[in-house]
Amino acid sequence: TGAVTYDPGFMNTAATTSAITYIDGDAGILRYRGYPIEELAQHSSFLEVSYLLIYGNLPSGTELAAFDEKIRRHTLLHEDLKGFFGGFPRDAHPMPVLSSAVSALSTFYQDSLDPFDDDQVELSTIRLMAKLPVIAAYAHKKSIGQPMLYPDNSMNLVENFLRMSFGLPAEPYEMDPVMAKALDLLLILHADHEQNCSTSTVRLVGSSNANMFASISAGINALFGPLHGGANEAVLNMLRQIQASGDPVEKFIERVKNKEDGVKLMGFGHRVYKNYDPRAKIVKSVADDVLSRLGGNDELLDIAMKLEEKALTDQYFVDRRLYPNVDFYTGVIYKAMGFPEKMFTVLFALGRLPGWIAQWREMTKDPVTKIGRPRQLYTGEPERAYPSR
Ligand code: CMC
């Protein structure tokens, strides 16, 4: 079998080729299917970006309308699946609720599970795009004890999600276009990021020929961790703690540098970006505007900006090339939109969904794909004789 390379954390191992997302970590470049993230953020919509990632090219007007129409037709969740939400404790974190419900899609939609049947793959693609926002909104409603709303298919994906998250059955929901636009932008920024932890998980699980629902459910669980998608929730907790302590941000920075209790500056650092994260730059550029229009907590934004300023000039962070990543400012915006902290990583999952789907589809079509099976270097005991007793 040849020599085994030891590469913990896959710092230097390409597990696949891919034509979806390009990152140059030194130059701070991110492109989806060749299009710079800055241009997509400015001109595109989350729906269009989803199409681009999944099918490879920007859609024509007719193609986008057909994609939109198909998604709107599949928003309803099976009524029995709705009952599933009642089984979780009221204070359940919505991320495991999300991954469990996505896993359960394999039991309700058994006619779209074959990874090698193009029509079935297409059907599960549309089902996931249509149903994940509904599942996410239901997980939220469950956690606050409010009734779940049926999707209203006269609305687009993002608006429908906002209405299902914040609307009430007896009252008409007044859509805030600033909020809908801001959320659409944040979803675009999260839509793909090549072979990150959750995407690699989706591919690894899928490499065993597991169906798309099962693979993406696993990806959602990978995203939950605070070093990955869970960082956006952790950032807000950190900012709140600093606010509550009343201490200057310098004190917190010192704790991080001294690695006191393993405390990290959450929302900082990235495995690939070593000069800046282009997504963070875009989020920061809109944060001020969005917060002033939504009436968010400026004090938390101020603390975040002070932390960034101090960290960027501090030798510890300079030496380690640590910069704010996409998660640093998103939490402050989600909070201003009215989402509780527990929902932040769910919003990341909604954004990342088209990326996971695109990567899973690319993998199943790639003739080179083999079951993922890393090797190891054994460090345990040599052979031992079982003691006679
Ligand atoms: N605060 C303080 N020190 C840090 C941080 C941080 N946020 N990130 C890295 N370091 C230090 C780390 O302690 C190490 O120092 P030393 O050499 O003295 O031991 C050095 O920088 C290199 O770090 P690493 O852990 O080897 O880097 P990595 O590539 O393995 O980890 C990371 C990348 C994102 C997991 C890490 O930077 C981190 O834990 N950041 C905080 C969590 C976070 O914001 N995650 C979101 C990532 S972006 C969105 C996403 O993909 O989900």
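The residue count restarts for each chain, going from 1 along the sequence in the order it is written. Confidence filtering applies because this is a predicted model: local features only for residues at pLDDT of at least 70, side-chain atom pairs given and counted only at 80 or more, and all residues used for totals across whole chains, interfaces and linings.

Re the overall build of the protein
- Regarding its fold elements, the protein presents 17 helices and three strands.
- Considering only C-alpha atoms, the protein reaches an extent of 60 × 55 × 55 Å along its principal axes.
- A buried classification covers 43% of the 389 residues belonging to the protein.
- Within the protein, contacts between residues at least 6 apart in sequence are counted, and of these 77% link residues at least 24 apart. Under the DSSP-based scheme used, a helix requires at least four consecutive residues in state H or I and a strand at least two consecutive residues in state E, with every element numbered from the N terminus. Comment: burial labels come from other C-beta atoms within 10 Å of the residue's own C-beta, placed from the backbone, where a count of 20 or more is buried, 12 or fewer is exposed, and between is partly exposed. Note on contacts: residues are paired as contacts if their backbone-placed C-beta atoms lie within 7 Å.

Focus on the site of the ligand
- For each residue, a C-beta atom is placed from the backbone, and the residue counts as near a molecule or strand when that atom lies within 6 Å of it. Lining the immediate surroundings of the ligand are 20 residues, of which Ala231, Lys264, Gly269, Arg271 and Asn325 lie closest.
- Its residues assigned to classes, the shell around the ligand comprises eight nonpolar, eight polar and four charged. Polar here means any residue outside two lists: the nonpolar Ala, Val, Leu, Ile, Met, Phe, Trp, Tyr, Cys and Pro, and the charged Asp, Glu, Lys and Arg; Gly therefore counts as polar.

Some details on the environment of Leu77
- Along the chain, Leu77 turns up in the loop between α3 (61–73) and α4 (79–84).
- When the C-alpha positions of Leu77 and Leu132 are compared, they lie 9.6 Å apart, and in sequence the two are 55 residues distant.
- Among residues more than four places away in sequence, those in contact with Leu77 are Lys82, Lys131, Val134 and Ile135.

Re the environment of Ile54
- With respect to the helices and strands, Ile54 occurs in helix α2 (residues 46–55).
- Between the C-alpha atom of Ile54 and that of His190, which follows or precedes it by 136 residues, the distance is 14 Å.

As for the nonpolar core
- Under the definition applied here, buried Ala, Val, Leu, Ile, Met, Phe, Trp, Tyr and Cys residues are grouped into a nonpolar core through C-beta atoms within 7 Å. With 108 residues, the main nonpolar core has Leu98, Ile135 and Ile333 as its most contacted residues.
- Beyond its immediate stretch of four places on either side in the chain, Ile333 contacts Ala182, Leu186, Ala287, Val290 and Leu291.

A closer look at the packing of helix α11 (residues 231–245) against helix α14 (residues 298–312)
- Remark: α11 packs on α14, axes separated minimally by 10 Å, with the N-to-C direction vectors making an angle of 100°. Taken together, the axes of α11 and α14 lie roughly perpendicular to each other. Residues Leu239, Ile242 and Gln243 of α11 lie in contact with α14, whose contacting residues are Glu299, Leu300, Ile303 and Ala304. As a rule, the C-alpha atoms of each element are fitted with a line to give its axis, helices using only the stretch in contact, and angles between N-to-C directions run from 0 to 180 degrees. Geometric relationships in this document are graded by angle, where less than 35 degrees denotes roughly parallel, more than 145 denotes roughly antiparallel, 65 to 115 denotes roughly perpendicular, and other angles denote oblique.

Let's talk about the packing of helix α12 (residues 249–257) against α14
- Put simply, α12 and α14 touch, their axes get as near as 10 Å, and they point 55° apart. Here α14 runs oblique to α12, going by the angle between their axes. Regarding α12 and α14, the two cross each other, and that crossing is right-handed. Residue-level inspection shows Val249, Glu250 and Ile253 of α12 in contact with α14, the latter providing Ile303, Lys306, Leu307, Lys310 and Ala311. Should the near helix be turned counterclockwise from the far one by less than a right angle, the crossing is left-handed, whereas a clockwise turn marks it as right-handed.

What about the sheet that holds strand β2 (residues 29–32)?
- Should DSSP find at least two bridges between two strands, the strands are regarded as paired. On the basis of which strands lie adjacent, the open sheet formed by three strands has the order β1-β2-β3 and antiparallel pairing. Here the strands that pair on one side only, and so sit at the sheet edges, are β1 (21–24) and β3 (35–36).
- Across four bridges, the pairing between β1 and β2 is antiparallel. Opposite Tyr22, over in β2, you have Arg31 as the bridge partner.

Some points on the pairing of β2
- Where burial is concerned, the two faces of β2 differ: the one with Leu30 and Tyr32 is buried and the one with Ile29 and Arg31 is not.
- Where β1 folds back on β2, the antiparallel hairpin that results is connected by four residues, among which Gly28 adopts a positive phi of roughly 70°.
- As defined by bridge partners, β2 adjoins β3 across two bridges and the pair is classed as antiparallel. Within β3, the residue paired with Arg31 across the bridge is Pro36.
- Where β2 folds back onto β3 in an antiparallel hairpin, the turn is made up of two residues, including Arg33, whose phi is positive at roughly 50°.

A closer look at α11
- Here α11 spans 21 Å end to end across 15 residues, near enough to the 21 Å set by a 1.5 Å rise per residue.
- For α11, the set of buried residues is Ala231, Asn232, Glu233, Ala234, Val235, Leu236, Met238 and Leu239.
- Buried residues belonging to α11 abut α14, α16 (327–337) and α17 (344–365).
- Following α11 by one or two positions, Gly246 has its phi on the positive side, about 75°. A helix is expected to reach a length of 1.5 Å times the quantity of its residues less one.

So, the confidence of the model for the protein
- One confidence number per residue, pLDDT, is output by the predictor and ranges from 0 to 100. Summing up the model confidence of the protein, the mean pLDDT is 95 and the portion of residues at 70 or higher is 99%.
- Reported confidence for the predicted complex is 0.97 by ipTM and 0.95 by pTM.

Description of unusual backbone geometry
- The residue Lys259 is not glycine, and still its phi comes out positive at about 50°.
- Notably, Asp261 is not glycine yet its phi reads approximately 50°, a positive angle.
- Among the secondary structure elements, Asp261 is positioned in the loop between α12 and α13 (278–294).
- For Asp261, a count of 6 C-beta atoms within 10 Å gives the class exposed.

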